[in-house]
Amino acid sequence: MATAPAVHVSIDEYLNTEYEPDCDYVDGVLEDRNVGKKKHGKTQGLLYSWLFSQIGSKGKHPIIELRVRLSLSRVRIPDVCVVDLDDQDEVQQKPPALWIEILSPEDRFNRVQRKLTEVLDFGVPTIWIIDPYDRQAWIGTAQTGIIAAKDNLLRCENLNLQVALNEILPAD
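This one's a predicted model, so the numbers in the text were calculated from it and none came from an experiment. (Residues numbered from 1 in each chain as written. Predicted model: local features only at pLDDT ≥ 70, side-chain atom pairs only at ≥ 80, totals over all residues. Heavy atoms only, no water.)

Caption draft 1: Geometry of the environment of Y48. By the element assignment, Y48 lies in helix α2 (residues 38-55). The class of Y48 is partly exposed, set by a relative accessible area of 27%. Put simply, Y48 and I64 are 16 residues apart on the chain and 7.4 Å apart in space, counted from C-alpha to C-alpha. Not counting residues up to four positions away in its chain, the partners in contact with Y48 are P62, I63 and I64. (Helix = DSSP H or I, 4+ residues; strand = E, 2+ residues; numbered from the N terminus. Buried < 20%, exposed > 50% of the residue type's maximum accessible area, 1.4 Å probe, protein only. Contact = heavy atoms within 4.5 Å.)

Caption draft 2: Looking closely at unusual backbone geometry. Here the residue pair E20 and P21 is connected by a cis peptide bond, since its omega of -5 degrees sits within 30 degrees of zero. By the element assignment, P21 lies in the loop between α1 (11-15) and β1 (24-26).

Caption draft 3: Quick peek at the confidence of the model for the chain. For the chain, per-residue confidence averages 91 on the pLDDT scale, and 97% of positions sit at 70 or higher. Model confidence for the chain, summarised as mean pLDDT per element, is weakest for helix α3 (residues 109-122) at 89 and strongest for strand β4 (residues 68-71) at 97. (pLDDT = per-residue confidence, 0-100.)

Caption draft 4: Main features of the side chain of H40. You can see H40 is positioned in helix α2. Note on H40: relative accessible area 3%, which makes it buried. Discounting chain neighbours no more than four positions away, the residues touching H40 are D79, I102, L103, S104, P132 and Y133.

Caption draft 5: The arrangement of the sheet that holds strand β9 (residues 136-141) in detail. If you trace the six strands from one edge of the open sheet to the other, you get β3-β6-β7-β8-β9-β10, paired in mixed fashion. One side of each edge strand has no neighbouring strand; the edge strands of this open sheet are β3 (60-64) and β10 (145-148). For this sheet, the mean inter-axis angle between neighbouring strands, taken without regard to orientation, is 20 degrees. Of the pairings in the sheet, the one linking strand β8 (residues 127-131) to β9 comprises five bridges and is antiparallel in character. Across the sheet, residue I130 finds its bridge partner in β9, namely A137. (Pairing = 2+ DSSP bridges. Axes fitted to C-alpha atoms, helices over the stretch in contact; angles between N-to-C directions.)

Caption draft 6: Main features of the nonpolar core. Counting residues in each nonpolar core, the largest one holds 23 residues, and the members touching the most others are L51, L98, I100, W128, I130, L154 and I168. Among the elements of the structure, α2, β6 (80-84), β7 (98-102), β8, β9, β11 (153-156), β12 (161-164) and α4 (165-168) are those that each provide at least two residues to this core. By residue number, the principal contributor to this core is α2, which donates four residues. Non-local contacts of L51, meaning those with residues more than four positions away in its chain, are made with P62, V80, V82, L98, I100 and L161. Core analysis: the second largest hydrophobic core is formed by 13 residues, L70, W99, L116 and W138 among them. (Core = buried A, V, L, I, M, F, W, Y, C linked by side-chain atoms within 4.5 Å.)

Caption draft 7: How the structure looks around the sheet that holds strand β5 (residues 74-76). The four strands are arranged β2-β1-β5-β4 in an open sheet whose pairing can be described as antiparallel. Two strands close off the open sheet at either side, each with one partner strand: β2 (29-31) and β4. Looking at each pair of strands side by side, their axes are set apart by 30 degrees on average, direction ignored. Sheet topology places β1 next to β2; three bridges connect them, and they run antiparallel. Paired with D24 across the strands is E31, a residue of β2.

Caption draft 8: Seen up close, α2. Its 18 residues place the ends of α2 26 Å apart at the C-alpha level, agreeing with the 26 Å of an ideal helix rising 1.5 Å per residue. Along α2, the residues that are buried comprise H40, T43, Q44, L47, W50, L51 and I55. For α2, the buried positions fall inside an angular range of 140 degrees around the axis, keeping them on one side. Exposed residues pointing more than 90 degrees away from the buried face of α2 are listed as K38, F52 and S53. In the core, the buried residues of α2 are packed alongside β3, β6, β7, β8, β12 and α4. (Expected span 1.5 Å × (residues − 1). Arc of directions from axis to C-beta.)

Here it is, written out as structure tokens:
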């Protein structure tokens, strides 16, 4: 399979351009993100709805596919994240309270893990990684690294959240 040549752009050009689909920005290079399929999209919608119902009173809100600037030369996009309600940045500058990646069949765990290491280093306290195809999930924190979700429960201690995986996955 042929690989497209890397596209180099400045951070200003990236931040002022809308890409369809949107892509990550890593050291001057645009990195494609796997575009979700139906099960990915349904999971994203179910998660957003569940989060919206749980955290509205906590001064936070969920956002789908928000650009998050991890450093001067890196911008990554979570499938869903939770940020402060009063944060008005169009491109998130502060670590979200929760970062969620929903895997697609094309995702390779080593690439996802590399991205999530950057996210934890940025200061995101909790990451959820959800595979709606194999119905599995992992939780990542700076203290534990990335570990399988015990009893298929996704937990986010800093937001006092807990949800069973089957509550936020579409029916088979």
